[in-house]
Amino acid sequence: LAAVCASGLVAGAFRFVGFLPRSGPERRAALERIAQATDAVVLFESPERTADTLRDIAEISPSRL
């Protein structure tokens, strides 16, 4: 919460997701739910998977980034 407030990027409500599933249909489903969210979404990701996660989000919902 402190990081969200300090960032200045979120002006209203946000959804905290935590860690995404690493792979498979559960990951795809989680990313599709994120893409449908109207609030800002905060999630955790390991540094090793950040680039892959951003690519996956861009594929599912390019306007979300």
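The structure reproduced in this document is the subject of the present report. Note that the structure is predicted; figures quoted are calculated from it, not measured. (Residues numbered from 1 in each chain as written. Predicted model: local features only at pLDDT ≥ 70, side-chain atom pairs only at ≥ 80, totals over all residues. Heavy atoms only, no water.)

Moving on, we get to the overall build of the protein chain. Scanning the protein chain from terminus to terminus reveals three helices and two strands. What you see for the protein chain is a C-alpha radius of gyration of 12 Å, in line with the 11 Å of a compact globule of 65 residues. Projecting the C-alpha coordinates of the protein chain onto the three principal axes gives extents of approximately 30 × 25 × 15 Å. Each of the 65 residues in the protein chain was classed as buried or not, and the buried ones make up 22%. For the protein chain, long-range pairs separated by at least 24 residues make up 66% of all intrachain contacts whose partners lie at least 6 apart in sequence. A total of about 4,700 Å² of accessible surface is found on the protein chain, and carbon and sulfur atoms cover 57% of it. Taking the 8 positively charged and 8 negatively charged side chains of the protein chain as two groups, their mean positions are separated by 2 Å. (Helix = DSSP H or I, 4+ residues; strand = E, 2+ residues; numbered from the N terminus. Rg over C-alpha atoms; globule rule 2.2 N^0.38 Å. Buried < 20%, exposed > 50% of the residue type's maximum accessible area, 1.4 Å probe, protein only. Contact = heavy atoms within 4.5 Å. Areas by Shrake-Rupley, 256 points an atom, 1.4 Å probe, with all protein chains shown as cover. Lys, Arg positive; Asp, Glu negative; His and termini not counted. Charge placed at Lys NZ, Arg CZ, Asp CG, Glu CD.)

Where helix H2 (residues 24-36) meets helix H3 (residues 50-60), the axes come as close as 10 Å, and the angle between the chain directions of the two elements is 60°. Of the possible angle classes, the one that applies to H2 and H3 is oblique. The two elements H2 and H3 cross, and the hand of that crossing is right-handed. Residues Arg27, Arg28, Leu31, Glu32 and Ala35 of H2 lie in contact with H3, whose contacting residues are Asp52, Thr53, Asp56, Ile57, Glu59 and Ile60. Taken together, the residues that form the contact of H2 with H3 break down as four nonpolar, one polar and six charged. (Axes fitted to C-alpha atoms, helices over the stretch in contact; angles between N-to-C directions. Parallel < 35°, antiparallel > 145°, perpendicular 65-115°, else oblique. Left-handed = near helix turned anticlockwise from the far one by under 90°. Nonpolar A, V, L, I, M, F, W, Y, C, P; charged D, E, K, R; others polar.)

Residues Leu1, Phe14, Phe16, Phe19 and Phe44 make up a contiguous nonpolar surface patch of roughly 560 Å² in combined accessible area. No other element matches strand E1 (residues 14-19), which puts three residues into the nonpolar patch. In this fold, Phe19 is placed in strand E1. (Patch = residues over 30% accessible without salt bridge, like charges linked within 9 Å, V, L, I, M, F, W, Y side chains within 5 Å. Salt bridge = Lys/Arg side-chain N within 4 Å of Asp/Glu carboxyl O.)

For the rest of this paragraph, the subject is the pattern of salt bridges. Per the stated rule, a full pass over the model turns up six salt bridges. Here Glu45 ties to Arg27 by a salt bridge, and the two come within 3.7 Å at their closest N and O atoms. With Glu45 in the loop between strand E2 (40-44) and H3 and Arg27 in helix H2, this pair connects stretches of sequence that are 18 residues apart. The pair formed by Glu45 and Arg27 is uniform in burial state, with each residue classed as buried. Overlapping salt bridges bring together Arg27, Glu45, Arg49 and Asp56 as one network.

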